[in-house]
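# Examination of the molecular architecture
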Amino acid sequence: MQRGALLDAARSLLSEGGTEALTFPALAERTGLARSSVYEYFRSRAAVVEELCEVDFPVWAAEVESAMESASSPEGKVEAYVRSQLALVGDQRHRAVVAISNSELDAGAREKIRAAHGGLVAMIVEALSALGHEQPRMAAMLLQGVVDAAVRRIELGAAEDPSVVTEAAVGMALRGVCG
């Protein structure tokens with residue numbers, strides 16, 4: 001239970017203040033534990049980050065996969081892939097993952113994030129292949145780039161409403177720059 005409370009506190013700290021806010025004294029304060037107790041659960045800030053990725057990213061990916069499975073066509077799967085990721089932008093787990101990915105991390109934490117993203121990208125390859133892409137893996141990576149750009153736009157609180165950004169990203173995914 002204490003490990004879960006520490007992870008909840010880490011999510012809150014990351015979403016409120018980025019990785020700079022994720023400190024062991026702050027975790028201790030949020031959970032009511034002694035600072036030395038935090039070290040019993042995690043050896044470093046990077047260890048907290050790695051565990052958050054291990055816990056949260058599969059949940060996020062399962063939501064994206066579920067949305068894609070409910071679509072009946074390859075185009076519908078692409079649309080679900082984009083929409084479901086962008087719908088998660090306001091979720092605290094997502095804000096924490098964004099904060100994590102924007103920070104300086106050790107090689108182990110970076111590799112866990114890369115592997116998690118690779119799994120997300122792999123979900124869409126089959127649909128892109130069914131749409132006739134000659135290089136569906138590359139197309140999937142480029143599509144994820146569109147999603148990542150839309151996420152950043154929404155996270156930054158751009159002038160557009162998040163729904164406008166989502167529709168633009170879906171349009172870009174399905175029709176490219178032709179509109």
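As a starting point, this report considers the structure included with it. (Residues numbered from 1 in each chain as written. Predicted model: local features only at pLDDT ≥ 70, side-chain atom pairs only at ≥ 80, totals over all residues. Heavy atoms only, no water.)

## Overview of the overall build of the protein
Tallying secondary structure elements over the protein gives 9 helices and 0 strands in all. Walking the protein from its N terminus toward its C terminus, one meets helices and strands in the order α-α-α-α-α-α-α-α-α. Looking at the protein as a whole, 43% of its 179 residues are labelled buried. The contacts of the protein with a sequence gap of at least 6 include a subset with a gap of at least 24, amounting to 63%. Accessible surface for the protein amounts to roughly 9400 Å². Of this, 53% is attributable to carbon and sulfur atoms. (Helix = DSSP H or I, 4+ residues; strand = E, 2+ residues; numbered from the N terminus. Buried < 20%, exposed > 50% of the residue type's maximum accessible area, 1.4 Å probe, protein only. Contact = heavy atoms within 4.5 Å. Areas by Shrake-Rupley, 256 points an atom, 1.4 Å probe, with all protein chains shown as cover.)

## Here we look at the packing of helix H8 (residues 136-155) against helix H9 (residues 162-175)
Running from amino to carboxyl end, H8 crosses H9 at an angle of 170°, the nearest separation of the two axes being 10 Å. Here H8 lies roughly antiparallel to H9, going by the angle between them. Facing H8, whose interface residues are Leu-143, Val-146, Ala-150, Arg-153 and Ile-154, H9 presents Pro-162, Val-165, Thr-166, Ala-169, Met-172 and Ala-173. Of the residues belonging to the contact of H8 with H9, the class tally is 9 nonpolar, 1 polar and 1 charged. (Axes fitted to C-alpha atoms, helices over the stretch in contact; angles between N-to-C directions. Parallel < 35°, antiparallel > 145°, perpendicular 65-115°, else oblique. Nonpolar A, V, L, I, M, F, W, Y, C, P; charged D, E, K, R; others polar.)

## Focus: the packing of aromatic side chains
Per the stated rule, a full pass over the model turns up 2 aromatic pairs. A ring pair is formed by Phe-24 and Tyr-39, whose centres lie 4.4 Å apart and whose planes are at 55°; its orientation type is tilted. Linking Phe-24 in helix H2 (residues 24-31) with Tyr-39 in helix H3 (residues 35-41), this pair joins segments that are 15 residues apart in sequence. Under the relative-accessibility criterion, Phe-24 is labelled buried at 7%. Under the relative-accessibility criterion, Tyr-39 is labelled partly exposed at 45%. Looking at Arg-3, its charged tip hangs above the ring of Phe-42, at a distance of 4.8 Å from the centre. (Phe/Tyr/Trp six-rings, centres within 6.5 Å; stacked < 30°, edge-to-face > 60°. Lys NZ or Arg CZ within 6 Å of the ring centre and 35° of its normal.)

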